[in-house]
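Okay, here's what each chain looks like letter by letter:
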Amino acid sequence: MSKSEPTTTVTVTVNGEEYVKETEDRKLLVHFLREDLGLTGTHQGCVVGKCGACTVLHDGTPKKSCMLYAAQIDGDEITTVEGLADIAEAEGNEMETRDGATLHPLQMGFKRNHGLQCGFCTPGFLMTSYALLQENEDPDDDEIRSALSGNICRCTGYNSIVESVEWAAAELAGADDGAGGSDGNEDGAVSTDGGFSTDGAAGGCPCRRDYPTGGDGE
Ligand code: FES
Ligand code: FES
């Protein structure tokens, strides 16, 4: 930080942890999160408020963190994609993957339904989706598309993302009524492999294509 830059000391709670940091007045929240707090799950795409990649929750409301200065959030609460696992654990909705990572049902939904493609846009989609499900437990297709209209993916379609949110909504509804969720298993059990079969020709690949195993000349 340059000595000539005006600075402000901010006290902010991020993912339940309080930080007191001196920051340049002109530093954007997205840069503050990534550079000053080391929370690199929030990504910077356009930095002009158009892509939604940088979306975080500001006092519970989804906001584009490239449109806020860090100095503006003094005394406030921020939730980033890193906080979803803690939320899931606090609410008893955590899911484990085969590598032991704890995921929120939304994250599992994106994984299972191929809603995620790259690390740039996905955190923003997740945070906007989380805010939507906080307000509307059972959004329909149009409501999901409308809520996500500020998030841009430049390389794929949106159908899988919508299906991911619908899957998570059903999972969370199942958790609420004690039915054990909608993991896709008929017995309602939560799978630990992300729901991808490891049997048969698909060999566990999420895309279920029959890739050659090679090595034997066949
Ligand atoms: S980086 Fe903030 S909206 Fe694109
Ligand atoms: S921009 Fe991330 S998958 Fe398209």
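Residues numbered from 1 in each chain as written. Chains lettered and ligands numbered in written order. Predicted model: local features only at pLDDT ≥ 70, side-chain atom pairs only at ≥ 80, totals over all residues. Heavy atoms only, no water.

Draft legend 1. Here's a closer look at the overall build of the protein. Within the protein, the regular secondary structure consists of six helices and seven strands. Taken from the N to the C terminus, the helices and strands of the protein come in the order β-β-α-β-β-β-α-β-β-α-α-α-α. Out of the 218 residues in the protein, the part that is buried amounts to 43%. Considering only contacts within the protein whose residues lie at least 6 apart along the sequence, 48% involve residues at least 24 apart. In the form shown here, the protein has an accessible surface area of approximately 11,400 Å², with 45% of it arising from carbon and sulfur atoms. (Helix = DSSP H or I, 4+ residues; strand = E, 2+ residues; numbered from the N terminus. Buried < 20%, exposed > 50% of the residue type's maximum accessible area, 1.4 Å probe, protein only. Contact = heavy atoms within 4.5 Å. Areas by Shrake-Rupley, 256 points an atom, 1.4 Å probe, with all protein chains shown as cover.)

Draft legend 2. Main features of the packing of helix α3 (residues 105-112) against helix α4 (residues 122-135). Orientation of α3 relative to α4, taken along the N-to-C sense of each, is 125°, at an axis distance of 10 Å. As the angle between them shows, α3 and α4 are arranged oblique. The way α3 lies across α4 gives a crossing that is right-handed. Only T122, F125, L126, S129, Y130 and L133 of α4 make contact with α3, whose side of the interface consists of L106, Q107 and F110. (Axes fitted to C-alpha atoms, helices over the stretch in contact; angles between N-to-C directions. Parallel < 35°, antiparallel > 145°, perpendicular 65-115°, else oblique. Left-handed = near helix turned anticlockwise from the far one by under 90°.)

Draft legend 3. Region of the structure containing the side chain of T55. Within the secondary structure layout, T55 lies in strand β3 (residues 55-58). Of the residues examined, T55 reaches a relative accessible area of 4% and is grouped as buried. A polar contact is formed between the side chain of T55 and the backbone oxygen of G52, at a distance of 2.6 Å. Sequence-distant contacts of T55, defined by excluding residues within four places in its chain, comprise P62, K63, K64, P123, G124, M127, T128 and N151. (Polar contact = N/O pair within 3.5 Å; in protein donor to acceptor, adjacent residues only side chain to side chain.)

Draft legend 4. Region of the structure containing the environment of A71. Position of A71 among the secondary structure elements: in the loop between β4 (61-64) and β5 (77-79). A71 gets classed as partly exposed once you look at its relative accessible area, which sits at 26%. With 48 residues separating them along the chain, A71 and T23 place their C-alpha atoms 7.1 Å apart. In this structure A71 touches T8, V10, T23 and D25, once residues within four positions along its chain are discounted.

Draft legend 5. Up close: the pattern of salt bridges. Counted by the stated rule, this structure contains five salt bridges. Close ionic contact of K27 with D36 constitutes a salt bridge, the shortest N to O distance being 2.7 Å. In this structure, D141 engages R145 in a salt bridge whose closest nitrogen and oxygen atoms are separated by 2.6 Å. With D141 and R145 both in helix α5 (residues 141-147) and four residues apart, this pair spans about one turn of that helix. Taking the relative accessible area as the measure of exposure, R145 reaches 34% and is therefore partly exposed. (Salt bridge = Lys/Arg side-chain N within 4 Å of Asp/Glu carboxyl O.)

Draft legend 6. The arrangement of the sheet that holds strand β2 (residues 17-24) in detail. Pairing in this open sheet of five strands is mixed, and the strands run β2-β1-β5-β3-β4 from one edge to the other. Only two strands of the sheet have a single neighbouring strand rather than two, namely β2 and β4. For this sheet, the mean angle separating the axes of adjacent strands, direction not counted, is 40°. As paired strands, β3 and β4 are joined by four bridges and run antiparallel to one another. By the bridge assignment for β4, L57 is matched with P62. Sheet contacts for helix α1 (residues 29-36): β1 (7-14), β2, β3 and β5; angle to β2, the most-contacted strand, approximately 110°. (Pairing = 2+ DSSP bridges.)

Draft legend 7. A look at helix α2 (residues 84-91). Listed in full, the buried residues belonging to α2 are L84, A85, I87 and A88. Down the axis of α2, the sector holding all buried residues measures 160°, keeping them to one side. Tucked into the core, α2 has its buried residues touching β5, β7 (102-103), α3 and α4. Directly after α2, the chain includes G92, whose backbone phi takes a positive value near 75°. (Arc of directions from axis to C-beta.)

So, to be careful, I would describe these as geometric facts and stop short of saying anything about function.
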